[in-house]
Amino acid sequence: MNWTLVGAVLLSTAGLLVLGVLALRLWLDARALAREVDGAVDALQRANKAG
């Protein structure tokens, strides 16, 4: 078997796994940010009604 080909396939697989982990982390961070923004909007609306 051609070891250069095996190495290329392994590096490609590792790269795709890293990209998948980064995409998952980005999604989790975006979801957390959306929750924080939603909480800030609710707080501003409550402050507007109270004042």
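1. Section: the overall build of the protein
Alright, step 1. In terms of regular secondary structure, the protein is built from one helix and zero strands.
Alright, step 2. At 22 Å, the protein has a C-alpha radius of gyration far larger than the 10 Å of a compact globule built from 51 residues.
Alright, step 3. If one aligns the C-alpha atoms of the protein with their principal axes, the spans along those axes are about 75 × 5 × 5 Å.
Alright, step 4. Within the protein, the fraction of its 51 residues that count as buried is 0%.
Alright, step 5. Total accessible area on the protein stands at roughly 4800 Å², and carbon and sulfur atoms take up 70% of it.
Alright, step 6. Charge-centre separation for the protein: the mean point of 5 positive side chains lies 3 Å from the mean point of 4 negative side chains.

2. Regarding a nonpolar patch on the surface
Alright, step 1. Together, Leu16, Val18, Leu19 and Leu22 make up an exposed nonpolar region whose accessible area comes to about 410 Å².
Alright, step 2. By the secondary structure assignment, Leu22 is in helix α1 (residues 3-50).

3. A short note on the environment of Gly7
Alright, step 1. In this structure, Gly7 sits in helix α1.
Alright, step 2. Each C-alpha atom, one on Gly7 and one on Arg31, is 36 Å from the other, the two residues being 24 residues apart in sequence.

Calculation notes
Residues numbered from 1 in each chain as written. Predicted model: local features only at pLDDT ≥ 70, side-chain atom pairs only at ≥ 80, totals over all residues. Heavy atoms only, no water. Helix = DSSP H or I, 4+ residues; strand = E, 2+ residues; numbered from the N terminus. Rg over C-alpha atoms; globule rule 2.2 N^0.38 Å. Buried < 20%, exposed > 50% of the residue type's maximum accessible area, 1.4 Å probe, protein only. Areas by Shrake-Rupley, 256 points an atom, 1.4 Å probe, with all protein chains shown as cover. Lys, Arg positive; Asp, Glu negative; His and termini not counted. Charge placed at Lys NZ, Arg CZ, Asp CG, Glu CD. Patch = residues over 30% accessible without salt bridge, like charges linked within 9 Å, V, L, I, M, F, W, Y side chains within 5 Å. Salt bridge = Lys/Arg side-chain N within 4 Å of Asp/Glu carboxyl O.

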